[in-house]
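Results of the structural survey
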There are 2 protein chains.
Amino acid sequence: MTIEPGDPAISEFDTAIALARREDQTDCYDATLDSGWMIGMGINGGLLLALAGSAVAAELGTQDGAHASPLAISAHYLSASSPGPAVLRTRTLRRGRTTSAGAVDLWQPSPEGGEAIRLSALATFGDLDDPAPEVRTSTMPPSLPAPEECVDARNGAPPGFLKHAALLQRLDLRLDPATSGWAVGRPSGRGEMRGWVRLRDGREPDPLMLLLAVDVLPPVTFDLGMSGWTPTLELTTHVRARPAPGWLRLSMCTRNLAGGLLEEDAEIWDSAGRLVAQSRQLARVPGQISR
Amino acid sequence: MTIEPGDPAISEFDTAIALARREDQTDCYDATLDSGWMIGMGINGGLLLALAGSAVAAELGTQDGAHASPLAISAHYLSASSPGPAVLRTRTLRRGRTTSAGAVDLWQPSPEGGEAIRLSALATFGDLDDPAPEVRTSTMPPSLPAPEECVDARNGAPPGFLKHAALLQRLDLRLDPATSGWAVGRPSGRGEMRGWVRLRDGREPDPLMLLLAVDVLPPVTFDLGMSGWTPTLELTTHVRARPAPGWLRLSMCTRNLAGGLLEEDAEIWDSAGRLVAQSRQLARVPGQISR
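Residues numbered from 1 in each chain as written. Chains lettered and ligands numbered in written order. Predicted model: local features only at pLDDT ≥ 70, side-chain atom pairs only at ≥ 80, totals over all residues. Heavy atoms only, no water.

**Digging into the environment of A:Gly181**
Note that A:Gly181 resides in the loop between β11 (171-175) and β12 (192-199). Those residues in contact with A:Gly181 that sit more than four places away from it in its chain are A:Arg186 and A:Pro187. (Helix = DSSP H or I, 4+ residues; strand = E, 2+ residues; numbered from the N terminus. Contact = heavy atoms within 4.5 Å.)

**Examining the confidence of the model for chain A**
Residues and elements named next belong to chain A. Predicted confidence across chain A gives a mean pLDDT of 91, with 93% of residues reaching 70 or more. When the criterion is pLDDT under 50, residues 1-6 qualifies, and its contacts beyond four places in sequence or with other chains add up to nine contacts. Across the interfaces of the predicted complex, the ipTM metric reaches 0.94, alongside a pTM of 0.94. (pLDDT = per-residue confidence, 0-100.)

**As for the relation of the copies chain A and chain B**
Expressed as a screw operation, the relation of chain A to chain B combines 0.0 Å of axial shift with a rotation of 180°, fitting to an RMSD of 0.0 Å. Viewed as a symmetry operation, the transformation between the two copies matches a two-fold axis. In terms of C-alpha distance to the rotation axis, chain A has A:Ser74 as its closest residue, with the C-alpha 3.2 Å off the axis. When the interface residues of chain A are mapped onto chain B, 100% of them again fall at the interface, so both copies present the same face. (Least-squares fit on C-alpha atoms with pLDDT ≥ 70 in both.)

**A short note on empty space enclosed by the protein**
Under the definition given, this model contains six cavities of 30 Å³ or more. Space inside the largest cavity adds up to approximately 70 Å³. The residue inventory of the lining of the largest cavity, partitioned by class, reads no nonpolar, five polar and four charged. (1 Å grid on protein atoms, 1.4 Å probe; cavity = no way out; pocket = protein on both sides within 12 Å on 5 of 7 lines; lining within 4 Å. Points joined across faces, edges and corners; volume = space filled by probe spheres on them. Nonpolar A, V, L, I, M, F, W, Y, C, P; charged D, E, K, R; others polar.)

**Description of unusual backbone geometry**
Excluding glycine, a negative phi dihedral is what most residues carry, and trans is how most peptide bonds are arranged. All names here are of chain A. Phi is positive for His67, which is not a glycine, with a value near 55°. Mapped onto the fold, His67 is located in the loop between α2 (45-60) and β5 (69-77). You can call His67 buried: its relative accessible area is 7%. (Buried < 20%, exposed > 50% of the residue type's maximum accessible area, 1.4 Å probe, protein only.)

**Let's talk about the interface of chain A and chain B**
Between chain A and chain B, the residue contacts involve 60 residues of the former and 60 residues of the latter. For the pair chain A and chain B, the summed buried surface comes to about 5,400 Å²; carbon and sulfur atoms form 47% of the total. For the pair chain A and chain B, the interface holds eight salt bridges. The salt bridge involving B:Asp265 is made with A:Arg280; its shortest N-O contact spans 3.7 Å. Examining the composition of the side of chain A that touches chain B, we find that seven residues originate from one element, strand β17 (residues 275-284) of chain A, more than from any other. Among the residues forming the side of chain A that touches chain B, the class breakdown is 22 nonpolar, 22 polar and 16 charged. As paired strands, strand β15 (residues 256-258) of chain A and strand β9 (residues 136-137) of chain B are joined by two bridges and run antiparallel to one another. If you follow A:Asn256 over to β9(B), its bridge partner there is B:Thr137. (Buried area = accessible area lost by both parts, 1.4 Å probe. Salt bridge = Lys/Arg side-chain N within 4 Å of Asp/Glu carboxyl O. Pairing = 2+ DSSP bridges.)

Now the structure itself:
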């Protein structure tokens with residue numbers, strides 16, 4: 001099927017975070033994890049975060065207006081998700097005047113029978129159109145070449161990476177040449193990654209899409225000269241502003257790889273030059289024993 | 001009562017995170033929030049995080065050895081806690097080979113009757129004595145004068161702050177003169193806070209105590225020239241190493257105050273010069289409407 005850019009009615013992302021509420025249970029939703037969102041051996045953690053956010057939004061009923069945006073969402077990743085059906089069980093924690101909060105667990109049928117829990121998340125929703133005028137941002141948008149001067153991840157990444165990066169068919173991801181030397185065997189050693197991203201089907205960013213975007217850059221361990229998979233243990237994202245349409249500018253870095261774990265700090269800037277999301281995850285260093 | 005330094009048997013911190021399991025419910029614990037841990041109009045958020053971590057440890061039964069340390073804990077703060085009884089309800093999410101995870105909700109009797117939920121948290125526990133030898137830390141311990149050359153928060157802070165900082169009777173908190181100008185009306189405007197902390201009763205730091213320590217510096221908004229309370233919406237801490245005995249070196253900064261919210265990033269370094277914890281919180285800017 002050909003998807004025309006700019007037609008959000010059939011966005012693959014909206015399909016991915018779509019939920020079917022079970023008629024007999026108000027706090028239980030069915031979803032499908034599509035293999036097109038795989039990275040490495042599992043479903044992308046950002047996509048799961050967006051799906052979790054979508055479920056809490058449904059639980060809180062915030063789509064209708066008040067508290068419609070995920071201000072903060074924290075997910076603990078408990079086992080690797082696989083393509084196929086998923087069940088999301090939600091819970092309202094509190095409905096407040098300026099924020100509301102909920103919890104969600106994501107389960108999948110286990111190959112050994114029964115169900116296996118994939119992640120558990122907490123989310124606080126609020127309003128991003130706060131009239132508070134004061135802005136004191138000392139951080140600057142990362143400096144990187146324009147998207148057309150960056151490396152298209154589909155062309156520049158090594159075949160061993162692309163084989164396990166189905167989601168690059170859906171994401172237009174352009175990597176800063178200064179942080180993509182790893183693809184040709186010349187990592188910078190600084191533990192940085194920068195790039196641009198947009199959805200190939202033209203669906204514009206919104207707060208839920210930012211939850212995906214915080215986790216789409218290749219792991220910063222590549223830039224440290226390490227190969228392999230960095231499974232996420234925990235990922236928290238703060239959505240700080242409603243993103244303008246267009247390209248999102250991404251940066252990610254680590255400052256401490258130790259004891260078999262590393263943190264990855266990501267920032268997203270929108271096309272208007274505004275910091276729209278900050279995230280941090282704790283991940284396992286490649287080559288460590290599995291969960 | 002005089003407490004001799006070095007006697008952990010009667011540590012105020014251990015008393016604060018002590019839990020009484022209800023005999024009829026395996027997943028329900030009673031605790032007491034002591035007014036000595038107040039800051040501003042509520043109980044310190046770091047103390048609540050440590051209590052939540054203590055409850056998940058009890059739920060998972062990790063005190064006995066395996067998976068004994070909180071690697072990552074995420075709390076969403078739902079309403080302000082007050083001195084008095086609290087009930088913690090826990091849930092095991094998953095027991096894995098290298099990590100185990102649990103969830104906890106903290107409730108208090110509500111003045112309006114019934115119970116009010118104060119926070120909900122997720123925690124992933126594991127082992128901090130991982131033999132992985134590789135350390136790649138690009139971040140450096142913050143540079144600040146020795147504790148005896150810093151400002152004792154009990155002496156240096158303005159009376160309006162001290163009146164609502166009972167926990168300074170329990171914490172020996174020394175502030176870097178370079179980031180304590182706010183106390184005499186000369187904030188630096190950079191949004192930074194640095195200092196040293198240890199427990200006055202001599203109880204040495206451990207992973208649970210780090211969960212308290214990430215939230216004991218005055219809010220960085222003071223250094224931006226703003227006064228008042230910055231209620232936490234969400235706080236995630238990663239414990240990265242087991243701390244050595246002695247003073248903990250703290251730093252906290254913000255890079256984005258916008259839309260009525262700000263993030264505060266904290267790091268803790270131990271006396272051996274090792275980065276032992278990283279945390280980030282999303283908080284409300286002073287003067288915003290309440291939850």
